[in-house]
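Next come the chains, spelled out residue by residue.
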Amino acid sequence: MNKYMKVAKELAEQNLKTKVGGPFGACIVKDGKIIGKGSNHVLSNNDPTAHAEIVAIRKACKKLNTYDLSGCELYTSCYPCPMCLSAIIWSNINTVYYGNTRDDAAEIGFRDDLIYDYIEDNGEINKDKILKLETLDREETIKAFEEFLEQKRKTIY
């Protein structure tokens with residue numbers, strides 16, 4: 001077994017004992033060294049964003065003192081949910097190795113497919129039951145964007 005996937009697997013297995021969250025673990029590697037590890041802490045933190053991948057990303061960014069994890073690889077016990085996939089992309093990690101599949105997660109009760117279906121269908125599936133999205137006061141909120149556009153010095157990430 002790959003040594004980094006073994007770390008992710010062991011983190012997931014530890015969660016079965018601690019019950020701090022679901023059976024998910026992840027680690028981030030740069031230049032052959034683990035720079036961030038995480039397990040799911042949704043239940044213990046009362047935080048629906050405390051997925052293993054997110055926890056690992058936060059720790060890796062803190063360790064490297066950056067928001068950019070270019071050149072890193074992520075090893076995770078399960079195919080990342082839509083939120084985690086987005087965070088992975090935003091952090092510039094471009095290689096992910098995963099153990100279990102989306103279907104495996106669905107079989108044990110995790111509802112990622114609900115979100116995938118919502119995104120793929122542009123919110124038309126059960127649109128008011130899942131999420132209501134409505135533009136409001138754009139003529140006011142756009143002012144900060146316009147001011148940002150005019151700034152000479154800015155960081156795009």
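Treat the numbers as computed from the prediction; the structure is a model and nothing was measured. (Residues numbered from 1 in each chain as written. Predicted model: local features only at pLDDT ≥ 70, side-chain atom pairs only at ≥ 80, totals over all residues. Heavy atoms only, no water.)

Undergrad: Which parts of the structure should I look at to understand the pairing of strand S2 (residues 33-39)?
TA: Note on strand geometry: in a regular strand, side chains alternate between the two faces of the sheet. As judged from the six bridges shared by strand S1 (residues 25-30) and S2, these two strands associate in the antiparallel manner. Within S2, the residue paired with Ile28 across the bridge is Gly36. Remark: two residues form the turn of the hairpin made by S1 and S2, two consecutive strands paired antiparallel; Asp31 in that turn has positive phi of roughly 50 degrees. (Pairing = 2+ DSSP bridges. Helix = DSSP H or I, 4+ residues; strand = E, 2+ residues; numbered from the N terminus.)

Undergrad: What is the right way to look at a nonpolar patch on the surface in this model?
TA: On the surface, Leu114, Ile115, Ile119, Ile130, Leu131 and Leu133 cluster together into a nonpolar patch covering about 520 Å² of accessible area. If one sorts the elements of the nonpolar patch by residue count, helix H6 (residues 112-120) sits on top with three residues. Among the secondary structure elements, Ile130 is positioned in helix H7 (residues 127-130). (Patch = residues over 30% accessible without salt bridge, like charges linked within 9 Å, V, L, I, M, F, W, Y side chains within 5 Å. Areas by Shrake-Rupley, 256 points an atom, 1.4 Å probe, with all protein chains shown as cover. Salt bridge = Lys/Arg side-chain N within 4 Å of Asp/Glu carboxyl O.)

Undergrad: Would you mind showing me how to read the packing of helix H3 (residues 52-64) against helix H4 (residues 82-90) here?
TA: Two packed helices can be described by the angle between their axes and the distance between those axes. Here H3 crosses H4 at 25 degrees, and the two axes come no closer than 9 Å. As far as their axial angle goes, H4 and H3 are roughly parallel. You can see that H3 and H4 cross each other, and the crossing is left-handed. Facing Glu53, Ile54 and Ile57 of H3, the residues of H4 in contact are Met83, Cys84, Ala87 and Ile88. (Axes fitted to C-alpha atoms, helices over the stretch in contact; angles between N-to-C directions. Parallel < 35°, antiparallel > 145°, perpendicular 65-115°, else oblique. Left-handed = near helix turned anticlockwise from the far one by under 90°. Contact = heavy atoms within 4.5 Å.)

Undergrad: Looking at this model, I keep getting lost on the sheet that holds strand S3 (residues 72-78). Mind explaining?
TA: Hydrogen bonds between backbone atoms are what pair the strands of a sheet, whose relative direction is either parallel or antiparallel. In space, the four strands of this open sheet follow the order S2-S1-S3-S4, with mixed pairing throughout. Unpaired on one side and paired on the other, S2 and strand S4 (95-100) mark the two borders of the sheet. Sheet twist, expressed as the average angle between the axes of neighbouring strands with direction ignored, equals 15 degrees. With five bridges joining them, S3 and S4 adopt parallel strand pairing. Paired with Thr76 across the two strands is Tyr98, which belongs to S4. Across the face of the sheet, H3 comes into contact with S1, S2 and S3 while running at roughly 140 degrees to S2.

Undergrad: Could you clarify how one ought to interpret the pattern of salt bridges in this entry?
TA: Note that side chains of opposite charge can pair when their charged atoms are close. What the rule picks out here adds up to five salt bridges. In this structure, the salt-bridge partner of Arg58 is Asp47, at a minimum N-O distance of 4.0 Å. Highlighted residues: Arg58 in helix H3 and Asp47 in the loop between helix H2 (42-45) and H3, separated in sequence by eleven residues.

Undergrad: Explanation requested: the side chain of Ser91 in the structure shown.
TA: Along the chain, Ser91 falls in the loop between H4 and S4. Judged by its relative accessible area of 3%, Ser91 is buried. Only 2.9 Å separates the side chain of Ser91 from the backbone oxygen of Ile88, close enough to count as a polar contact. If we skip the residues at most four places from it in the chain, Ser91 touches Ile57, Tyr67, Asp68, Leu69 and Ser70. (Buried < 20%, exposed > 50% of the residue type's maximum accessible area, 1.4 Å probe, protein only. Polar contact = N/O pair within 3.5 Å; in protein donor to acceptor, adjacent residues only side chain to side chain.)

The values are spatial; any link to function lies outside them.
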